[in-house]
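Spelled out from the first residue to the last, the chains are:
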Amino acid sequence: MTLFSRRGRPSLLGAGVFALLCLLGASGLRAADVMDDCSAMRRAWDVVFLDLYGNRLDAAKWGEARKKTLAFRNHFHTAGAKKLWQGELPSNLPEPADAARVAGAWQGRIEHALALEMIAAHQEKRIEEAKAWRALIHLPKYADAIQGALALQTTRSSQRDAATQLLAREYLVWKTTLIREKSDYLKRLIEQDRATPELFAARAAEIDSLAEFPARLLQLVDSGLTTYTSTLDLLLAGGIDEQSFAEWKDTVQSSLPSLLTDDEAANREYLLIKLLKLVPMEYQAGVRDGQITVPLEYREAQQFTIQARQIIDELQAPWQRNKAEVLKEGHGAALVAEVESLETEINHKAPLASIQKHASGAMNLLEDHFGVSLRRAGKASEVVAETLLDIRTLLGDSLVAAKEGDWKEAERLRLEAYTNFDLEIEIRTLPRDPELAMEAERAFLDGTDERPGIKATLDARAPDERLSLAYENAIDLANRCGALLQMNLSPATAVYTTVTVVMREGLEAVVILAAILAGLRGAENRRTRRRIGLGAFGAILASALTFILSRMIIGGFADYGERLEAVVSVLAVIVLLIVTNWIFHKMYWVNWNAKLRHLTKAVNEGSESRSTALAMIGVGFLTIYREGFETVLFLQSLLLEAGLRPVLTGLLVGGALVCACGGAVFVIGAKLPYRKMLVFTGILVVTVLVTFLGSTVRLFQTVGWLPVHPITGLDIPPWAGTWFGLYPSWEGILIPPLGLAYIGAAWLWVKWKSKRSAKVKKEKAQQSALQPQTAQTAGQTPPPSSKGAIRERV
């Protein structure tokens, strides 16, 4: 089939294609006309505003804006948009204050009409027109327009309603953000006495008009949303008053629809704390001794602070929904005060310390009370890998922008990459290798004379070759940091540690159980031995259940990353101190053994009953479960740092060795050198204690609970950290050996105390031996000549 018949006339197919092309062409022309007429209308209103603020508005310019506005109504298809165009628009030039109010109100009507036409075009499958209407809508700063653009690509009928709802919701989010931006801007103008009556009326009317969302848009998003009732008359009647405007602003913003989902609110919170982190960096780069040295950096510090304040306003609704108690306690007002103080200090070009103080104060409020953290959640290894990927991507994009001459974009991307490095990579690298961490940091900044950093090359507008070298150096150093961070606890170290602890705890259980059963030999105690064995078997099952439950509980806190590891490591160190306690104090297991034997003896002396049977089961259970609980608690720290496989391997090896010893004792009846075995395993546990102390110090430094004081020139290989817990900082070198010092001092103290006790007992024994002799000779005087008898008595 062809487009034309044999006689040269159009065929049916040709006619259809021609009609389709005409339709598409007409649609394209209409979209172009809409965009041109809208631009002309807005330019006319811009002229009106400029002349209003300059007190030179005349009737001709007012009439031009009115004419173009009324003519634009011909492009509308929806009744809602046409109804908006019925608003007040006098033909004669009003008084300046009234003209400002009318002009401001029309800015909101224009935006709402564009949104209604976009929604209608999308629902009627006029996609190109919907795109054209959407392109005319004014966006707030840092608006997210990606989801709406994707929704406009939807062609399936089944998904069109959902896409329409998404577009409506996107528009409401844009305008609620814009209302907060404009309210905040007008508030600053009033505080600075820069708001003229015309400007005040125009801006307030625009905010008020924007807040009056069409019911159609609200219903598409949520049927429960209600329209705002204007209170502009009361505000304008009172004139320009800071307190009145603040109250009106709160009224308007409290009526805005709460549209941010929990995930979106979390993203805005993260952006907020990230901006606060960046402000001191930008300020430091742009201001020296109260003078602006780099205007771009100074303006960035100002803009980031203003944006942070706007995000706080945007988050008020989600916070009222999810964190009302925090706001009631005044932390929301304190956060606003800190950010406003930060903005004031920046405007006054205050010292850097003051800027850092207010930025840190705001960040601490977000972290301590709002639960917002700059650190990424999740397992440390995954966070490091994800962050390195982001850094490489950002630096690659920054290099491309620099080579294309877009220096501002290149610097923005560099700063974002540096922030990610500083928050996730550098803070983890510092405790392990301070020199590498600082060298990598310099690569993002000024670098050295031999190797300039990325910032230095960007500031110098260096040629492509030098730029590439600087970026390659920074990426290489970041990768080296990442490789170092992957060396947490080697599998061999984890296996060795697990075997040591399991052997130590298992042998102690075998020794205590053997001591108890030693007094229960013979056929008459067979039932008692079985009950103790039943309790021991139950303790093994209970230990396994405790292991599973503890994994589930700790897994629920996995998002806390190294903070969770630090807390669990402290518990592991406590367990190791308890386990090694026997080295310098026999009371740890001797007394426990005595208590269990006393309980067994008491049960045997009683009559046979159900309580007696339960008591013997309890003896076996307590003997094993105490050691099992300590082992389970300790292994949680190993699991967090080394993973499941090496810990399970060590658990199987250690368990097999303990089972072999238990079999030799309870089945064969072998007499093993218990004391020597306990001393040997105890020494191994001491080495584990030192390693874990070092790891705990490193984790505390990573999460910021301990400072890092590098030792200049000290080079410690990575394996020294994984095997001995030693790291090149004063804290990493001095704290781990304190475990040895503690055990040694405690052992010497107990030895000295034991010798002193033995000496006291010996003296008491001598006195006791002399007392009977003294009693026998009391009242008798030996004969003077009986020297031998006297000597014998003495």
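Novice: How should the overall build of the protein chain be read in this particular structure?
Specialist: What the protein chain contains, in helices and strands, is 33 helices and 2 strands. The buried share among the 794 residues of the protein chain stands at 46%. Split by element, the accessible area of the protein chain, about 40900 Å² in all, is 58% carbon and sulfur.

Novice: Explanation requested: helix α2 (residues 59–72) in the structure shown.
Specialist: One turn of the α-helix equals 3.6 residues, which is why residues spaced by three or four share an orientation. Between the first and last C-alpha of α2 there are 20 Å, a value that for 14 residues agrees with the 20 Å anticipated at 1.5 Å per step. Among all positions of α2, only W62, A65, T69 and F72 are buried. Along α2, the residues classed as buried sweep out an arc of 95 degrees about the axis, all on the same side. Opposite the packed face of α2, turned more than 90 degrees from it, sit the exposed residues A60 and K67.

Novice: Honestly, the nonpolar core in this entry has me stumped. Any pointers?
Specialist: Here is a general trend for soluble globular proteins: nonpolar side chains tend to be buried in one another's company. Core analysis: the biggest nonpolar cluster contains 71 residues, and W45, F72, W133, L186 and W248 have the highest contact counts within it. It is helix α4 (residues 96–123) that contributes the most residues to this core, 13 residues altogether. Aside from chain neighbours lying at most four places away, what touches F72 is V34, D37, C38, M41, W85, L114 and W133. In terms of nonpolar packing, the next biggest core, distinct from the first, is built from 67 residues, A401, Y418, I425 and L458 among them.

Novice: Before we go on, may I ask you to explain the packing of aromatic side chains in this structure?
Specialist: In this description, a pair of aromatic rings is defined by centroid distance and the angle of the planes. Enumeration over the complete set of coordinates arrives at 17 aromatic pairs. With 6.1 Å between their ring centres and 35 degrees between their planes, F49 and Y53 make a pair best called tilted. Note that F49 and Y53 are positioned in helix α1 (residues 12–53) at a spacing of 4 residues, about one turn of the helix. The interplanar angle of 85 degrees and the centroid separation of 6.5 Å between the aromatic rings of Y171 and F213 together place this pair among those described as edge-to-face. With Y171 in helix α7 (residues 157–191) and F213 in the loop between α8 (197–211) and α9 (215–221), the pair connects residues that are 42 residues apart, well separated along the chain. Through a chain of ring-to-ring contacts, the aromatic side chains of F72, F76, W85, W106 and W133 assemble into a single cluster. For R109, the ring lying beneath its charged end belongs to W106, and the centroid distance is 5.0 Å.

Novice: Looking at this structure, how should I read a nonpolar patch on the surface?
Specialist: A contiguous nonpolar surface patch, about 400 Å² in accessible area, is contributed by V567, V570, L571, I574 and W705. Examined against the element boundaries, W705 turns out to sit in the loop between α30 (674–702) and α31 (718–724). We classify W705 as partly exposed; its relative accessible area is 41%.

Novice: Can you help me understand unusual backbone geometry in this one?
Specialist: Excluding glycine, residues mostly carry a negative phi; peptide bonds, for their part, are mostly trans. The phi torsion at N55 lies on the positive side, around 55 degrees, for a residue other than glycine. Looking at the element boundaries, N55 is found in the loop between α1 and α2. For D289, which is not glycine, the phi dihedral falls at a positive 55 degrees. Tracing the backbone shows D289 in the loop between β1 (287–288) and β2 (291–292).

Novice: Would you explain the packing of α4 against helix α5 (residues 127–135) in this entry?
Specialist: Interhelical geometry of α4 versus α5 gives an angle of 165 degrees and a closest axis separation of 8 Å. Here α4 lies roughly antiparallel to α5, going by the angle between them. For α4 against α5, the interelement crossing comes out left-handed. The segment α4 lies against α5, with L114, E117, M118, A121 and H122 engaging I127, E129, A130, W133 and R134. Here the contact of α4 with α5 is composed, by residue class, of 6 nonpolar, 1 polar and 3 charged.

Novice: Quick question: what am I supposed to make of the pattern of salt bridges here?
Specialist: Evaluated as defined, the whole model comprises 25 salt bridges. The partner of E64 in a salt bridge is K68, with the nearest N and O atoms 3.2 Å apart. Placement of the pair is E64 and K68 together in helix α2, with a separation of 4 residues, close to one helical turn. E64 gets classed as partly exposed once you look at its relative accessible area, which sits at 36%. If you follow the salt bridges from partner to partner, you end up with K187, E191, R309 and E340 in one network.

Novice: For this particular structure, what's the right way to read a negative patch on the surface?
Specialist: Side chains of D193, D241, E242, E247 and D250 sit close together on the surface and give a patch of like negative charge. Tracing the backbone through its elements, the reader meets E242 in helix α11 (residues 242–255).

Novice: What is the right way to look at the confidence of the model for the protein chain in this model?
Specialist: Low pLDDT marks stretches whose predicted atomic positions should not be read closely. Taken as a whole, the protein chain shows an average pLDDT of 79; of its residues, 79% reach a score of 70 or greater. Within the protein chain, α8 carries the highest mean pLDDT (94), whereas helix α33 (residues 787–793) carries the lowest (39). Long-range and interchain partners of residues 17–26, a stretch whose pLDDT sits below 50, account for 1 contact in this model, where long-range means more than four residues apart.

Novice: What should I look at first to understand the state of the cysteines in this one?
Specialist: What makes a disulfide is a covalent bond joining the sulfur atoms belonging to two cysteines. Enumeration according to the criterion identifies 0 disulfides in this entry. Of all cysteine sulfurs in the structure, the one in C661 sits closest to C659, which takes part in no disulfide; the separation is 9.4 Å. Its relative accessible area of 58% is what places C659 among the exposed residues. Taking relative accessible area as the criterion, C661 reaches 13% and is therefore assigned buried.

Novice: Honestly, the packing of helix α12 (residues 262–286) against helix α17 (residues 352–368) in this entry has me stumped. Any pointers?
Specialist: Each pair of packed helices can be summarised by the angle the axes make with each other and by the distance between the axes. Between α12 and α17, whose axes approach to 9 Å, the crossing angle comes to 170 degrees. Our classification of the angle between α12 and α17 gives roughly antiparallel. Between α12, through L272, I273, L276, K277, V279, P280, Y283 and Q284, and α17, the contact on the second element is made entirely by L352, I355, Q356, A359, A362, M363, L366 and E367. Partitioned by chemical class, the residues of the contact of α12 with α17 number 12 nonpolar, 2 polar and 2 charged.

Novice: Would you take a moment to explain the side chain of S398 for this structure?
Specialist: Note on placement: S398 falls in helix α18 (residues 380–403). By relative accessible area, which is 0% here, S398 ends up buried. Residues contacting S398, with those up to four places away along its chain left out, are A410, L413, R414 and Y471.

Novice: Help me understand the side chain of D51 in this model?
Specialist: Tracing the sequence through the fold places D51 in helix α1. The residues contacting D51, other than those within four sequence positions of it, are R56, L57 and K61.

Novice: Teacher, can you tell me more about the environment of F621 here?
Specialist: Along the polypeptide, F621 turns up in helix α28 (residues 610–642). When its relative accessible area of 28% is taken as the criterion, F621 is described as partly exposed. For F621 and L534, which are 87 residues apart along the polypeptide, the C-alpha to C-alpha distance reads 7.9 Å. Those residues within four positions of F621 in sequence are excluded, and the remaining contacts are G535, A536, G538, A539 and A542.

Novice: Explain the environment of S360 here, please?
Specialist: Here S360 lies in helix α17. C-alpha separation for the pair S360 and P280, spaced 80 residues apart in sequence, amounts to 9.4 Å.

Novice: I keep staring at the environment of G506 and nothing clicks. Help me out?
Specialist: For G506, the position within the fold is in helix α23 (residues 491–517). In the structure, G506 is positioned 149 residues away from G655 in sequence and 7.6 Å away in space, judged by C-alpha atoms.

Cut-off values and rules
- Residues numbered from 1 in each chain as written.
- Predicted model: local features only at pLDDT ≥ 70, side-chain atom pairs only at ≥ 80, totals over all residues.
- Heavy atoms only, no water.
- Helix = DSSP H or I, 4+ residues; strand = E, 2+ residues; numbered from the N terminus.
- Buried < 20%, exposed > 50% of the residue type's maximum accessible area, 1.4 Å probe, protein only.
- Areas by Shrake-Rupley, 256 points an atom, 1.4 Å probe, with all protein chains shown as cover.
- Expected span 1.5 Å × (residues − 1).
- Arc of directions from axis to C-beta.
- Core = buried A, V, L, I, M, F, W, Y, C linked by side-chain atoms within 4.5 Å.
- Contact = heavy atoms within 4.5 Å.
- Phe/Tyr/Trp six-rings, centres within 6.5 Å; stacked < 30°, edge-to-face > 60°.
- Lys NZ or Arg CZ within 6 Å of the ring centre and 35° of its normal.
- Patch = residues over 30% accessible without salt bridge, like charges linked within 9 Å, V, L, I, M, F, W, Y side chains within 5 Å.
- Salt bridge = Lys/Arg side-chain N within 4 Å of Asp/Glu carboxyl O.
- Axes fitted to C-alpha atoms, helices over the stretch in contact; angles between N-to-C directions.
- Parallel < 35°, antiparallel > 145°, perpendicular 65-115°, else oblique.
- Left-handed = near helix turned anticlockwise from the far one by under 90°.
- Nonpolar A, V, L, I, M, F, W, Y, C, P; charged D, E, K, R; others polar.
- Lys, Arg positive; Asp, Glu negative; His and termini not counted.
- Charge placed at Lys NZ, Arg CZ, Asp CG, Glu CD.
- pLDDT = per-residue confidence, 0-100.
- Disulfide = S-S within 2.5 Å.

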